[in-house]
Amino acid sequence: MNRVSDIPETPRLAETAPEPDPNKRKRNTTTTGPMADESDSGIGLCGWLLTAISWGVVVVTLPFSLCVCFKVVQEYERAVIFRLGRLLSGGSRGPGIFFVLPCIESYQKVDLRTITLGVPPQEVLTKDSVTVSVDAVVYYRVSNATVSVANVENAHHSTRLLAQTTLRNILGTKNLHEILSDRESISGSMQTVLDEATTAWGIKVERVEIKDARLPVQLQRAMAAEAEAAREARAKVIAAEGEQKASRALREASEVIAESSAALQLRYLQTLNSISAEKNSTIIFPLPIDLITHLLNGKGEKTEKPEKPKDE
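Residues numbered from 1 in each chain as written. Predicted model: local features only at pLDDT ≥ 70, side-chain atom pairs only at ≥ 80, totals over all residues. Heavy atoms only, no water.

1. Here we look at the nonpolar core
Nonpolar side chains in soluble globular proteins tend to end up buried together.
Thought 1: Val138 and Met190 are the most contacted members of the largest nonpolar core, which totals 35 residues.
Thought 2: Sort the elements by how many residues they give to this core and strand S7 (residues 131-142) lands first, with six residues.
Thought 3: With residues near it in sequence (within four places) discarded, Met190 still touches Val138, Ala163, Thr166, Leu167, Ile170 and Val208.
Thought 4: Core analysis: the second largest hydrophobic core is formed by six residues, Val73, Ala79, Leu88 and Val100 among them. (Core = buried A, V, L, I, M, F, W, Y, C linked by side-chain atoms within 4.5 Å. Buried < 20%, exposed > 50% of the residue type's maximum accessible area, 1.4 Å probe, protein only. Helix = DSSP H or I, 4+ residues; strand = E, 2+ residues; numbered from the N terminus. Contact = heavy atoms within 4.5 Å.)

2. Some details on helix H7 (residues 183-198)
Thought 1: For H7, built from 16 residues, the straight-helix expectation of 22 Å at 1.5 Å per residue is met to within 8% by its first-to-last C-alpha distance of 22 Å.
Thought 2: Turning to H7, its buried residues are Ile186, Ser187, Met190, Leu194, Asp195 and Thr198. Buried residues along H7 cover an arc of 160° about the axis, so they all sit on one side.
Thought 3: In the core, the buried residues of H7 are packed alongside S7, helix H5 (155-171), helix H6 (176-181) and strand S8 (203-214). (Expected span 1.5 Å × (residues − 1). Arc of directions from axis to C-beta.)

3. A short note on the sheet that holds S8
Thought 1: The three strands lie next to each other as S6-S7-S8, forming an open sheet whose pairing is antiparallel. The sheet is open, and its two borders are formed by strand S6 (115-125) and S8, each paired with just one other strand. Recorded for the sheet is a direction-independent mean angle of 25° between the axes of neighbouring strands.
Thought 2: Taken together, the 10 bridges between S7 and S8 define a ladder with antiparallel strand orientation. What sits directly across from Ser133, in S8, is Arg214. (Pairing = 2+ DSSP bridges. Axes fitted to C-alpha atoms, helices over the stretch in contact; angles between N-to-C directions.)

4. Brief notes about the sheet that holds strand S3 (residues 86-87)
Thought 1: Strand order across the open sheet formed by three strands is S3-S2-S5, with antiparallel pairing between neighbours. For this open sheet the edge positions go to S3 and strand S5 (105-111), each flanked by a neighbour on one side alone.

5. Considering unusual backbone geometry
Thought 1: Looking along the chain, the bond that leaves Leu62 and enters Pro63 is cis, with omega of -5°.
Thought 2: Residue Pro95 is reached from Gly94 by a cis peptide bond, and omega for that bond is -5°.
Thought 3: Tracing the backbone shows Pro95 in the loop between S3 and strand S4 (96-99).
Thought 4: For Leu84, which is not a glycine, the phi torsion comes out positive at approximately 55°.
Thought 5: Residue position: Leu84 is located in the loop between strand S2 (77-83) and S3.
Thought 6: Taking relative accessible area as the criterion, Leu84 reaches 33% and is therefore assigned partly exposed.

6. Looking at the packing of H5 against H7
Thought 1: Here H5 crosses H7 at 140°, and the two axes come no closer than 10 Å. Taken as axis vectors, H5 and H7 run oblique relative to one another. Crossing angle aside, the handedness with which H5 passes H7 is right-handed. Of H7, the residues touching H5 (which contributes Thr159, Leu162, Ala163, Thr166, Leu167, Ile170 and Leu171) are Ile186, Ser189, Met190, Val193, Leu194, Ala197 and Thr198.
Thought 2: Taken together, the residues of the contact of H5 with H7 break down into 10 nonpolar, four polar and no charged. (Parallel < 35°, antiparallel > 145°, perpendicular 65-115°, else oblique. Left-handed = near helix turned anticlockwise from the far one by under 90°. Nonpolar A, V, L, I, M, F, W, Y, C, P; charged D, E, K, R; others polar.)

7. Observations regarding the state of the cysteines
Thought 1: Scanning all chains against the criterion turns up zero disulfides.
Thought 2: Of all cysteine sulfurs, the one in Cys67 lies closest to Cys69, which takes part in no disulfide; the gap is 9.3 Å.
Thought 3: Cys69 sits in the buried class, given a relative accessible area of 1%. (Disulfide = S-S within 2.5 Å.)

8. Brief notes about the pattern of salt bridges
Thought 1: Per the counting criterion, the structure on display carries seven salt bridges.
Thought 2: With a shortest N-O distance of 2.7 Å, Arg141 and Glu206 are connected by a salt bridge. Taken together, the residues Arg141 in strand S7 and Glu206 in strand S8 connect sequence positions 65 residues apart.
Thought 3: Classification of Glu206 by relative accessible area gives partly exposed; the value is 33%.
Thought 4: In this structure, Lys204 engages Asp195 in a salt bridge whose closest nitrogen and oxygen atoms are separated by 2.9 Å. (Salt bridge = Lys/Arg side-chain N within 4 Å of Asp/Glu carboxyl O.)

9. Considering the side chain of Glu105
Thought 1: Structurally, Glu105 can be placed in strand S5.
Thought 2: Judged by its relative accessible area of 11%, Glu105 falls in the buried class.
Thought 3: Among the polar contacts made by the side chain of Glu105, one reaches the side chain of Arg83 at a distance of 2.4 Å.
Thought 4: A polar atom in the side chain of Glu105 sits 2.9 Å from the backbone nitrogen of Leu101. (Polar contact = N/O pair within 3.5 Å; in protein donor to acceptor, adjacent residues only side chain to side chain.)

Take a look at the structure:
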């Protein structure tokens, strides 16, 4: 048997430093790990031959080849260049003009602007066995263009799926009242988990917000009935407390009026004044209270007189 020489396995792209600020118009010179270091030295004799041929084609077809070789990326974009399937050293290119050799080099543009990702409504069973539908919004951006292209097939699609599963996992550990009242802590926990998971993809999660929590119709009716019953109970308690306080005030007022005989007459005149101010057709015949008192006292004396015995 022929001995097969050990072929070194191509290592995975190491994490690189963050992309430079888009406002700085200069090329990124950050190294991209072992793959970038071996891109020029590991292409082999065939690679060098193809590179030489490509340069020859560019020189022969001048100046028409310049229209094909020079590319432009916007301020908010970066270009990741591959030569014969390998990443070029120096990281991503841009913003501005960069050079691409025909036939042997290809590039991929990456948008660095913040992307708004709407997480579809997720049916979640909460910790207290209540089914609730929750949707959210995730704001993220590409922090490293080279890593986002080389380490994951589709960074945006992967982030979308990860956001959905993270939302379900976090809400499954919460009670219904926590989901409805403590949305800020849920958003913070979700942002932390997403940011840690997407760092290896060159993604930076900036913000996560819970949009809406939809409850089943039957549960909404039950909660509305419970809230209405609680409000009615509180209203009855408040009314009873008011009546109790009013009765105490009336008792104190009666005690004060009982101490003075003229106080009741003054209260009677005050009532007449308030009734007359309403401009109604009510006719009032004032009757002295003392007269009623004497009449009642006279009837009581007649009933209390004993009958005289008859003479035999």
